[in-house]
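Per-entry structural report
Here is how the chains run, residue by residue.
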2 protein chains.
Amino acid sequence: MNRIITISREFGSGGREIGKRLADELKIPYYDREIITEIAKETGMTQEYINKFSETGITNYPFQFAKSFTTYSGLQSGMIQILISQQKVLKEIAKKGDCIIVGRGADVILKDYDPFNIFVYADMKSKIKRCKEKASQEEDFTDKEYKNKILKVDKNRRKYHDVISNAEWENKENYDLCINTSNIEIKKVIVPLSNYIKEFFGGRQ
Amino acid sequence: MNRIITISREFGSGGREIGKRLADELKIPYYDREIITEIAKETGMTQEYINKFSETGITNYPFQFAKSFTTYSGLQSGMIQILISQQKVLKEIAKKGDCIIVGRGADVILKDYDPFNIFVYADMKSKIKRCKEKASQEEDFTDKEYKNKILKVDKNRRKYHDVISNAEWENKENYDLCINTSNIEIKKVIVPLSNYIKEFFGGRQ
């Protein structure tokens, strides 16, 4: 079976950096925004629309979602299309070969592929610091604005996870390893981390 | 500053095995039951009494604890003595040199020593399996009995942590790394894990 690594992450915690660096170290493909491109191809929707849905779509929904796929009937047809297409795209990626997938609920959507599931998190201070470092020159947010942005994005990720599964997004039980990046330099832990993952898959064969 | 590694763990998850093996790999002392011996010396109580307190003591308490050390006043004097002695013993150990400490709320008691805090957990099936493998010949529990034992011990650990700090025992925010042992062979991940920890401390200096 292919080695599938999924990364769920709090906004600003460096989950994407961990994903990219792990992919380089393990020499396997990395998927993040590429998934949006594929969904766009599949559905004929624009990447902007799909992206907007991923970032803020679900939390703006006025009605209550039950925790199962049957609630798709309660979603606007555009959103249904995106969710179904996303599942298809993720499964196609997983079938192709070893890979790292960041976000999109891949931990639960690809459960049958026995993935190694990582959750990346950090304290608020570290996340704000990271957001500032990564900000473009034009972006001029206060700490409070960054905090609000972090809370808003994570609220949506939590809600999205709730819609597609019974597993709570933040619950460590869903993950093989939960990494707090508050006190580490990410690039320095990539080699030990990749060796840990190799042992995980090695032990399974 | 000394390199202090603390391990909090669900009963049956293999936290003690991780601690012992990490100590061997890193060539540093490992403290677990030795702490009880020290407390016994300090307080003049028997190890059995202290151990019983650690395993079931707090959950048997009928009254509500507030979440601060000030609630010591509500504890029986024997328990107060144990808690205070435990703090003293842990701090003495931390001052002596690099070490690994399993349990006893060392993650919060030694906060000022900037420890690397690990939480070890697993799914119930794996924990029952591990308990069975480790059981003595005389021990003949059913799966349900093991499950009850696991839940009871963990309830006490949670409660103990609540008494000594505001930090929730199971909350991943309190830890640098949370390790799910359900799908790994512990001895195989010790080297990557110890390298991860070395980078953590290396990055801090």
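It should be emphasised that the depicted structure is a prediction, and the values quoted were computed from it without experimental measurement.

Now for the pairing of strand β4 (residues 116-121) of chain A. All names here are of chain A. For β4, a buried count of six out of six residues is recorded, marking the element as mostly surrounded by other parts of the structure. What you see with β4 is no split at all: F116, I118 and V120 on one side and N117, F119 and Y121 on the other are buried throughout. Sheet topology note: the strand β1 (residues 4-9)/β4 ladder contains five bridges and is parallel. Residue pairing in the sheet places I7 in a bridge with I118 of β4. Looking at chain direction, β4 and strand β5 (residues 177-180) are connected through four bridges and run parallel.

Bringing the relation of the copies chain B and chain A into the picture now. Its rotation angle being 180 degrees, the transformation that places chain B on chain A also includes 0.0 Å of axial translation and leaves an RMSD of 0.0 Å. What the superposition gives is, in effect, a two-fold axis relating one chain to the other. Mapped onto chain A, 100% of the interface residues of chain B are again interface residues, and the two copies thus contact each other with one and the same surface.

Relative placement of two packed helices is described by the angle separating their axes and the distance separating the axes. All names here are of chain A. Between helix α6 (residues 124-134) and helix α7 (residues 143-164), the shortest axis-to-axis distance is 10 Å and the interhelical angle comes to 105 degrees. As summarised for this structure, α6 and α7 are arranged roughly perpendicular, according to the angle between their axes. Across from M124, K127, I128, C131 and K132 in α6, the residues of α7 making contact are D143, Y146, K147, I150, L151 and D154.

Turning to the interface of chain B and chain A, a few remarks are in order. Each side of the interface is counted separately: chain B has 23 residues, and chain A has 23 residues. Across the chain B to chain A interface the summed buried area is about 2,200 Å²; carbon plus sulfur atoms make up 57%. For chain B, the biggest contributors to the area lost against chain A are Y121, K172 and Y196 of chain B; these three give 27% of the whole. Our enumeration of links across chain B and chain A arrives at eleven residue pairs in polar contact (both at pLDDT 80 or more). Those elements giving two or more residues to the side of chain B that touches chain A turn out to be β4 (116-121), β5 (177-180) and α8 (186-204) of chain B. Broken down by element, the side of chain B that touches chain A gets its largest block of residues, eight residues, from α8 of chain B. Across the side of chain B that touches chain A, the residue classes break down as 13 nonpolar, three polar and seven charged. Where β5 of chain A and β5 of chain B come together, three bridges link them in antiparallel fashion. Paired with I179 of chain A across the bridge in β5 of chain B is L177 of chain B.

About the criteria used
Residue positions within a chain follow its written sequence, with the count starting from 1. Here the convention is simple: chains get letters from A, ligands get numbers from 1, in the order in which they are written. Two thresholds apply to this predicted model, a pLDDT of at least 70 for residue-level local features and 80 or more for giving and counting side-chain atom pairs, whereas whole-chain, interface and lining totals are computed over all residues. Heavy atoms throughout the structure, all of them, feed into the side-chain values; hydrogens and water do not. Think of it in three bands: with a 1.4 Å probe and only protein chains considered, a residue is buried below 20% of the maximum accessible area for its type, exposed above 50%, and partly exposed in between. Elements are defined by DSSP. Helices are runs of H or I of four residues or more, strands are runs of E of two residues or more, and each kind is numbered from the N terminus. Should DSSP find at least two bridges between two strands, the strands are taken to pair. A least-squares fit on C-alpha atoms brings the copies together, and the residues used are those whose pLDDT is at least 70 in both copies. Every residue pair with non-hydrogen atoms within 4.5 Å of one another is taken to be in contact. Helix axes are fitted only over the stretch in contact, all axes being lines through C-alpha atoms; the angle between N-to-C directions runs from 0 to 180 degrees. Any angle between 65 and 115 degrees counts as roughly perpendicular, while under 35 counts as roughly parallel, over 145 as roughly antiparallel, and the rest as oblique. By buried area we mean the combined loss of accessible area, with a 1.4 Å probe, across both parts when two parts are placed together. Two N or O atoms form a polar contact when they lie within 3.5 Å of each other; inside protein one atom must be a possible hydrogen donor and the other a possible acceptor, and for residues adjacent in sequence the pair counts only when both atoms belong to side chains. Polar here means any residue outside two lists: the nonpolar Ala, Val, Leu, Ile, Met, Phe, Trp, Tyr, Cys and Pro, and the charged Asp, Glu, Lys and Arg; Gly therefore counts as polar.

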